[in-house]
Amino acid sequence: MALYVQKFGGTSVGSVERIKAVAEKVKGFRDDGHQVVVVVSAMSGETNRLIGMANEINDEPTPREMDMLVSTGEQVTISLLALALHKLGVPATSYTGSQVGILTDSAHTKARIQRIETDEMREDLDEGKVVVVAGFQGVDEEGNITTLGRGGSDTTGVALAAALGADECQIYTDVDGVYTTDPRVCSKAQRLDTITVEEMLELASLGSKVLQIRSVEFAGKYNVPLRVLSSFQDGPGTLIVAESDQDEDSMEEPLISGIAFTANEAKLTLLNTPDVPGVASRILGPIADANIEVDMIVQNVAPAGDYTDFTFTVAKGDYKKTLKILEEQVIPDLGGGEVNGDDNIAKVSLVGVGMRSHAGVASKMFRVLADENINIRMVSTSEIKISVVIDEKQMELAVRALHTAFGLDKADIESE
């Protein structure tokens, strides 16, 4: 007998019929003798509907009341799923985040889990019940309902698995696992049987939307086996493991595990910036004060006492705000300079732990892009990642070319 924590996203519970299908799937695990805790999101579209109504009433809603409002979406789903399980003869009890004892800090709309009370859940499980928990939410020390941010149900699932010592946390979604890249862009993308936590963290941070990044961080921190599965078809999915948990045969797998990409980037360049100590802080400080996250940074080297160029990227939604800060605050503070911007860029990234022990990945990447006449604007590297900024219109071509060049195409794998 194993203990599974299963999380079903909004698409998986998007209608009464789909909720019934989830109940059948859960029943199958219980009939096999396993204990099951189910975490569910709100039905697809429901959270957006609630936010829309709030904005119609007040275009600056307070975070506390927003948490009170949007948390109701999951409450509907947990009760419907419990009713569906009852109909199948499966004893089940539904709980909101506060009822089950998911205690968080008081940062409304982006709260972090501090601890989880497990006694009541364990009692229900020992009695043979399925425990159904509302994802995305908790309660602070003062009894206020809090939410964990969009995608927070993934974090709820992994956190419950860690607290209960579950054998596996299974994330059911509308895809059947983690792919080498987005199959909608590259038809030859293949599903990965396993991927390391470190690689998944990089992919999640670089644009892959399969898992919320905080849930992957949680899985790595508490060594929770995490599996991504499809709600709509059977299959083994993708198991996310610590690198040390890989078997010996997997250590010689391809250099690159996946290719992530995003067009949600904008590039800004400050020209003729004084090349003196502290200038980077004077540029990025006002941007940080505006709660804008900076991604890639490149500063040209200049002769001592001369001027240089300072380039960085931000999310596309922050482009105009950042441009205004540079023009109205930074340039006057520096005593001159000018700013150029481009919000028609994309970032394409290679990710793989194999890079640690193999040279030449970057040079091969650059050669492949050059062969496709794709110009590289910026480069950023880490131990297991290489990212480049290119023109947005060339993003899909770059992804497909790199996918083929690094042997990730489905036909290449099947022929080995």
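I will try to describe carefully the structure that is included in this document. (Residues numbered from 1 in each chain as written. Predicted model: local features only at pLDDT ≥ 70, side-chain atom pairs only at ≥ 80, totals over all residues. Heavy atoms only, no water.)

Right, let's get into the pattern of salt bridges. Under the counting rule described, the total for this entry stands at 21 salt bridges. For the salt bridge of Lys-129 with Asp-124, the shortest nitrogen-to-oxygen distance reads 3.9 Å. The exposure class assigned to Lys-129 is partly exposed, which follows from its relative accessible area of 27%. Relative accessible area serves as the criterion here: at 7%, Asp-124 is assigned to the buried category. Across the pair Lys-347 and Glu-265 runs a salt bridge whose closest N-O atoms are separated by 3.4 Å. In this pair, Lys-347 sits in strand 16 (residues 338–351) while Glu-265 sits in strand 13 (residues 258–274), placing the two residues 82 residues apart along the sequence. Side by side, Lys-347 and Glu-265 carry an identical accessibility label, which is buried. Within this structure, Arg-115, Glu-117 and Glu-141 form a network of salt bridges that share partners. (Salt bridge = Lys/Arg side-chain N within 4 Å of Asp/Glu carboxyl O. Buried < 20%, exposed > 50% of the residue type's maximum accessible area, 1.4 Å probe, protein only. Helix = DSSP H or I, 4+ residues; strand = E, 2+ residues; numbered from the N terminus.)

Moving on: the sheet that holds strand 9 (residues 168–173). The strand order across the open sheet built from eight strands is 3-6-2-1-9-11-12-10, with neighbouring strands paired in mixed fashion. Single-partner strands in this sheet number two, and they are strand 3 (92–95) and strand 10 (194–196). Direction aside, neighbouring strands of the sheet carry axes that sit 20° apart on average. Pairing of strand 11 (residues 226–230) with strand 12 (residues 238–241), which is carried by three bridges, proceeds in the antiparallel orientation. Bridged to Val-228 within strand 12 is Thr-238. (Pairing = 2+ DSSP bridges. Axes fitted to C-alpha atoms, helices over the stretch in contact; angles between N-to-C directions.)

Turning to the nonpolar core, a few remarks are in order. Counting residues in hydrophobic clusters, the biggest one holds 40 residues, and the most contacted among them are Val-5, Val-37 and Leu-160. Considering every element that reaches this core, the biggest residue donor is helix 7 (residues 152–164), with five residues. (Core = buried A, V, L, I, M, F, W, Y, C linked by side-chain atoms within 4.5 Å.)

With that out of the way, let us pick up the packing of aromatic side chains. Applying the stated criterion across every chain yields a total of four aromatic pairs. Here Tyr-4 and Phe-29 contribute two aromatic rings whose centre-to-centre distance is 5.3 Å and whose plane-to-plane angle is 75°, an arrangement assigned as edge-to-face. A residue pair is termed long-range when its members are at least 10 positions apart, and Tyr-4 in strand 1 (residues 3–8) and Phe-29 in helix 1 (residues 16–31) qualify at 25 residues. Lying across the ring of Phe-406, Lys-364 places its NZ or CZ 4.7 Å from the centre. (Phe/Tyr/Trp six-rings, centres within 6.5 Å; stacked < 30°, edge-to-face > 60°. Lys NZ or Arg CZ within 6 Å of the ring centre and 35° of its normal.)

Time to look at the packing of helix 12 (residues 361–371) against helix 13 (residues 395–405). Two measures define how a pair of helices packs: the angle their axes make with one another and the distance between the axes. Two elements in contact, helix 12 and helix 13, have axes whose closest approach is 10 Å; the angle formed by their N-to-C orientations is 130°. Here helix 12 is positioned oblique relative to helix 13, judged by the angle of their axes. In the packing of helix 12 onto helix 13, the handedness of the crossing is right-handed. Residues Lys-364, Met-365, Val-368 and Leu-369 of helix 12 form the contact with helix 13, whose participating residues are Ala-398, Ala-401, Leu-402 and Ala-405. Its residues assigned to classes, the contact of helix 12 with helix 13 comprises seven nonpolar, no polar and one charged. (Parallel < 35°, antiparallel > 145°, perpendicular 65-115°, else oblique. Left-handed = near helix turned anticlockwise from the far one by under 90°. Contact = heavy atoms within 4.5 Å. Nonpolar A, V, L, I, M, F, W, Y, C, P; charged D, E, K, R; others polar.)

Turning our attention to the packing of helix 1 against helix 4 (residues 72–87). Where helix 1 contacts helix 4, the axes come no closer than 9 Å and their chain directions differ by 55°. As far as their axial angle goes, helix 4 and helix 1 are oblique. The handedness of the crossing between helix 1 and helix 4 is right-handed. Two secondary-structure elements touch here, helix 1 through Ile-19, Val-22, Ala-23 and Val-26 and helix 4 through Leu-80, Leu-81, Ala-84 and Leu-85. Taken together, the residues of the contact of helix 1 with helix 4 sort by class into eight nonpolar, no polar and no charged.

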